[in-house]
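Fold and geometry: a report
As a plain string of letters, each chain reads:
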Amino acid sequence: MKVLLALAAFAALPGFASKPAAPADAFMARLAPLCGKAFAGRVVTNDPADSAFAGKKLVMHVAACEPGRVRIPFHVGEDRSRTWVLTRTATGVRLKHDHRHEDGTSDKLTMYGGDTNGPGTAARQEFPVDAESIALFRSLDAERSVTNVWAMEADGTRFAYELRRPGRHFRVEFDLAKPVETPPLAWGWQG
């Protein structure tokens, strides 16, 4: 009995067999050092639908970090209407796409996304489209989007955003080794 008590006391010491962080927590923790910084990106896929991004400066700005939530505006040239919102949930991570007009009002196609449906990894999380987003897409005659799966990767050297669905693959990668000038936020955005 004394041996068991001694082992239990030893195991309770800091640093001994500590439980590893959940992949969702580790993923969110990888974003923390990026807070306040911006990074240039490039489209690495060649889908014809990506032509809207061709030749434009692509910048992600990890603009607002708070416990359990990170907001990342994604600038495409002068278009500052997009913000990725990552939220830690009880079971994983949620991704929402916040789209706004220049005056700050919500676009009709906004706050769509999904929740992780598995643990993912510390470096990659995938977000299948949720029911709320499917309903939004259908209401706006965007049936092609009802099978969307988004993904984000943060491996320490690069950050990637990805969209996949049948017949569509979009991926943009950002070099985390080279921060760029922080772009101005849109419509008085305060995070």
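Structural notes, computed from the coordinates. (Residues numbered from 1 in each chain as written. Predicted model: local features only at pLDDT ≥ 70, side-chain atom pairs only at ≥ 80, totals over all residues. Heavy atoms only, no water.)

**Focus: the overall build of the protein chain**
- Regarding its fold elements, the protein chain presents 3 helices and 11 strands.
- Helices and strands in the protein chain line up, N terminus first, as α-α-β-β-β-β-β-β-β-β-α-β-β-β.
- Relative to all contacts within the protein chain whose residues are 6 or more apart in sequence, the contacts with residues 24 or more apart total 46%.
- With an accessible surface of roughly 10600 Å², the protein chain has 57% of that area assigned to carbon and sulfur atoms. (Helix = DSSP H or I, 4+ residues; strand = E, 2+ residues; numbered from the N terminus. Contact = heavy atoms within 4.5 Å. Areas by Shrake-Rupley, 256 points an atom, 1.4 Å probe, with all protein chains shown as cover.)

**Overview of the pattern of salt bridges**
- Tallied over the full model, the rule gives 20 salt bridges.
- Its salt-bridge partner being aspartate 79, residue arginine 82 comes within 3.1 Å of it at the nearest N-O pair.
- On the basis of relative accessible area, aspartate 79 is assigned to the partly exposed category, the value being 32%.
- Note that glutamate 153 and arginine 158 form a salt bridge whose closest N and O atoms lie 3.0 Å from each other.
- Its relative accessible area of 13% is what places glutamate 153 among the buried residues. (Salt bridge = Lys/Arg side-chain N within 4 Å of Asp/Glu carboxyl O. Buried < 20%, exposed > 50% of the residue type's maximum accessible area, 1.4 Å probe, protein only.)

**Considerations on unusual backbone geometry**
- One non-glycine residue, methionine 111, adopts positive backbone phi at about 55 degrees.
- Within the element layout of this structure, methionine 111 appears in the loop between β6 (93-99) and β7 (112-115).
- Phi at aspartate 141 is positive, roughly 55 degrees, even though this residue is not glycine.
- By the secondary structure assignment, aspartate 141 is in the loop between α3 (131-139) and β9 (149-154).

**Regarding the pairing of strand β5 (residues 79-88)**
- As paired elements, strand β4 (residues 69-76) and β5 share 7 bridges and run antiparallel to each other. In the strand pairing of β5, proline 73 is matched with threonine 83.
- Strand direction decides the pairing type here: β5 and β6, joined by 7 bridges, are antiparallel. The partner of leucine 86 across the bridge, within β6, is leucine 95.
- Between β5 and the antiparallel strand that follows it, β6, lie 4 residues. (Pairing = 2+ DSSP bridges.)

**Brief notes about the state of the cysteines**
- All told, the structure shown has 1 disulfide when counted by the stated rule.
- Paired by a disulfide, cysteine 35 and cysteine 65 hold their sulfur atoms 1.6 Å apart. Between cysteine 35 and cysteine 65 the disulfide shows an S-S torsion of about -100 degrees. By sign, it is left-handed. Of this pair, cysteine 35 sits in the loop between α2 (23-31) and β1 (38-43) while cysteine 65 sits in strand β3 (residues 64-66), placing them 30 residues apart in sequence. (Disulfide = S-S within 2.5 Å.)

**Notes on the nonpolar core**
- With 35 residues, the main nonpolar core has Leu31, Trp84, Leu86, Trp150, Met152 and Phe159 as its most contacted residues.
- Residues in contact with tryptophan 84, not counting those within four places in the same chain, are Met60, Val70, Arg71, Ile72, Phe74, Leu95, Lys96, His97, Met152, Phe159, Tyr161 and Phe174. (Core = buried A, V, L, I, M, F, W, Y, C linked by side-chain atoms within 4.5 Å.)

**A look at the packing of aromatic side chains**
- Across all of its chains, the model carries 11 aromatic pairs by this definition.
- The interplanar angle of 35 degrees and the centroid separation of 4.9 Å between the aromatic rings of phenylalanine 53 and phenylalanine 170 together place this pair among those described as tilted. In this pair, phenylalanine 53 sits in the loop between β1 and β2 (58-61) while phenylalanine 170 sits in strand β11 (residues 168-180), placing the two residues 117 residues apart along the sequence.
- Consider the rings of phenylalanine 74 and tryptophan 84, whose centres lie 4.8 Å apart with planes at 20 degrees: the pair is stacked. Of this pair, phenylalanine 74 sits in strand β4 while tryptophan 84 sits in strand β5; the two residues are 10 residues apart in sequence, bridging distant segments of the chain.
- Relative accessible area serves as the criterion here: at 2%, phenylalanine 74 is assigned to the buried category.
- An aromatic cluster of at least three residues, connected via ring pairs, comprises Phe53, Phe74, Trp84, Phe159, Tyr161, Phe170 and Phe174. (Phe/Tyr/Trp six-rings, centres within 6.5 Å; stacked < 30°, edge-to-face > 60°.)

**Details of α2**
- Along α2, the residues classified as buried are Ala24, Phe27, Met28 and Leu31. The arc that holds the buried residues of α2, viewed along the axis, is 95 degrees, so those residues lie on one side.
- Where α2 is buried, its residues touch β4, β5, β6, β8 (124-128), β9 and β10 (158-165). (Arc of directions from axis to C-beta.)

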